[in-house]
Every structure is written in structure tokens, then in C-alpha cells.
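Breakdown of the fold
Listed below, chain by chain, are the residues.
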Amino acid sequence: LPVAPVAALAPAREAAPPPLLRHDDDEPPAGGRPRSSAWVAIALLAVLAILVGLGWAATRDDPTNTPSAADPTTSQSTKQSTQETPSPSAPQTTASENTQPEGVPAGFTLYKDPTGFQVAVPDGWRPIRNGPRVDFREPGGSRFLRVDQTDDPKKDAKADWERQEKTVSKRLPNYQRISIEKVDYRDYNAADWEFTFGNGPTHVLNRGVNTGAKGYALYFSAPEGQWDASESIRQTIFDTFQPAG
């Protein structure tokens, strides 16, 4: 399985996740939020302030505050809201009854990646792409999912996790292995790497999956105090994950 250092995104107020799949340009992971310099954040805030000011001025100058027909966002939004209003004679149904995909439990959203894989994540966990990886973070919380992938998977998922651990255990503070074991996951060569690290600590289950054509890592982490309560989230992720092809 391809498993290498992953940079950036990790549980809030905790060290970042360890390697998943091998990428030559990986750097040691940084704690907390995605890598950025303070001056970049300040510059972004300044641009945002200017844009907000311009928007406020435009609204003040238009006493009717009527959306412009030339604005595709507002005009499309208005059009959709008109089309979605049910007629008095139509039976009332909720959006979830109409759109919830088969096999996806209530409270979860099915994410379909442009590369071909799909997975259900809790409602509100927005995808953030970082090269070949896609990150999902709990809004206002510390639970975290990363899906990493490679076109050059290692044949033995368990052996590859054990090899990767030699480096990861030195890079993560207070690293403690719980287990690295092969798992029965459909017809794939798969292995689970479970460990804790950091102060708190953070609890991780990293599932490596070799589908033959591709390798995937499904990396889920949560504060130790939320680990047991997160079991249904982990199981839903594993149950609904579908690789490309």
C-alpha cells in the first residue's frame, strides 16, 4: 500500500496526522490547521474587508436591493427557489426522502470525488482537496477524516503499515501503537493501523486498502474521549466507501 507522510490538516489543537500514502513532495505534518503564514492570513482578511465594504456600498446605493438579472448566482438561486416550491395539490415530501442515497444513513452525505471514489461523511463535513488527498473535518470539533490514494499501491497492506510505522513513531509525539492487523474488508488486501499520539491523546484508525489498480488510506482520528462515541461514524465510512472503477 502506498503510505507516506501527509502534510497539513489534523485534529484541532493537536498534532497533525502521520503518513498515509507515499508522495515524494510530502513534508513533516504540521499541527492544527492547514499550513499558512501569518502575513498570508492578514492579507486575506484585508481583501475580504475590501470586498465586504464594496458589497455594502453597492447595496446601500440600490434602495430596492433587487437582485440583478445579470448576476447568475442570484438569478439561479431565485429560479431554483421558485421551481422547488410544491404545488398545493402535490404531496408534501422532505428533501431527505427524495435525495438520500441508498445505503447512506440519515445524518450523512454521500461525497463523490472527481477521481472516482465515493464515501459517506457526517452532514456538514466539507471536502478540502490537498493534492491526491481529500480532508473532511468536523465543524467546530476535532474529529477528522482523510482519504488518500495512489496509483502505485504496495501489495501487502500490513507489511507496508509496519514499515511506515518506523518513521511515523519517531515523528509523532507520544506515539503508542495499539495494533497493525490484516482485516477482512470485502475482497481487498487491507490492514488496520490503530494508534494514539499527542497529549489528550488523539486516537487514530488508519485503514489501508489495495484494490489492485489503486491504493487507498482511510484515516480517521478523534480525541480519545470521543473515540467510542465515534464508532458509528467510522463504520459508516468503511461501509459506504467505494473505490474508483
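Each value, and the rule that gives it
Residues numbered from 1 in each chain as written. Predicted model: local features only at pLDDT ≥ 70, side-chain atom pairs only at ≥ 80, totals over all residues. Heavy atoms only, no water. Helix = DSSP H or I, 4+ residues; strand = E, 2+ residues; numbered from the N terminus. Buried < 20%, exposed > 50% of the residue type's maximum accessible area, 1.4 Å probe, protein only. Contact = heavy atoms within 4.5 Å. Phe/Tyr/Trp six-rings, centres within 6.5 Å; stacked < 30°, edge-to-face > 60°. Pairing = 2+ DSSP bridges. Axes fitted to C-alpha atoms, helices over the stretch in contact; angles between N-to-C directions.

As a further point, take the environment of Thr109. Relative to the helices and strands, Thr109 is located in strand S1 (residues 108–112). Given a relative accessible area of 41%, Thr109 falls into the partly exposed group. Between the alpha carbons of Thr109 and Val119 there is a distance of 8.3 Å; along the sequence they are 10 residues apart. Not counting residues within four places of it along the chain, the set of residues in contact with Thr109 comprises Val104, Val119, Ala120, Val121 and Asp123.

Before going further, it helps to examine unusual backbone geometry. With an omega of -10 degrees, the peptide bond running from Gly200 to Pro201 counts as cis. Position of Pro201 relative to the elements: it lies in the loop between strand S7 (188–197) and strand S8 (202–210). One non-glycine residue with positive phi stands out, namely Asn174, at about 55 degrees. With respect to the helices, strands and loops of the structure, Asn174 is situated in the loop between helix H4 (157–171) and strand S6 (176–185). Unusually for a residue other than glycine, Arg186 sits at a positive phi of about 55 degrees. Relative to the elements of secondary structure, Arg186 occurs in the loop between S6 and S7. By relative accessible area, which is 32% here, Arg186 ends up partly exposed.

Describing an aromatic ring pair means giving the distance of the ring centres and the angle of the ring planes. If you walk through the whole model with that rule in mind, you get 13 aromatic pairs. Judged by centre distance (6.1 Å) and plane angle (35 degrees), the rings of Phe117 and Phe241 are tilted. Taken together, the positions of Phe117 in the loop between S1 and strand S2 (118–122) and Phe241 in the segment after helix H5 (231–240) put the pair 124 residues apart, joining distant regions of the chain. Look at Tyr185 and Phe238: their rings are 6.4 Å apart centre to centre, the planes differ by 75 degrees, and that puts the pair in the edge-to-face class. Residue Tyr185 is found in strand S6, and its partner Phe238 is found in helix H5; the two are separated by 53 residues along the sequence.

What follows covers H5. For H5, every residue scored as buried is listed here: Ile233, Arg234, Thr236, Ile237, Phe238 and Thr240. Tucked inside the fold, the buried residues of H5 contact S1, S2, strand S5 (144–150), S6, S8 and strand S9 (215–223).

Bringing the sheet that holds S6 into the picture now. Pairing within the open sheet is antiparallel, and its 7 strands lie in the order S3-S4-S5-S9-S8-S7-S6. Strand pairing shows two members of the sheet lacking a second neighbour, strand S3 (127–130) and S6, which therefore form its edges. Sheet twist, expressed as the average angle between the axes of neighbouring strands with direction ignored, equals 15 degrees. Pairing geometry for S3 and strand S4 (residues 133–137), over 4 bridges, is antiparallel.

Before going further, it helps to examine the pairing of S8. Most of S8 is tucked away: 9 of the 9 residues are buried. Across the two faces of S8 the burial is the same, with Thr202, Val204, Asn206, Gly208 and Asn210 and His203, Leu205, Arg207 and Val209 all buried. Bridging between S7 and S8 involves 9 bridges; their strand directions are antiparallel. Looking at the pairing, Phe197 lines up with Thr202 of S8. By the bridge criterion, 9 bridges tie S8 to S9 in an arrangement that is antiparallel. Across the sheet, residue Arg207 finds its bridge partner in S9, namely Leu218. Remark: 4 residues form the turn of the hairpin made by S8 and S9, two consecutive strands paired antiparallel; Gly212 in that turn has positive phi of roughly 105 degrees.

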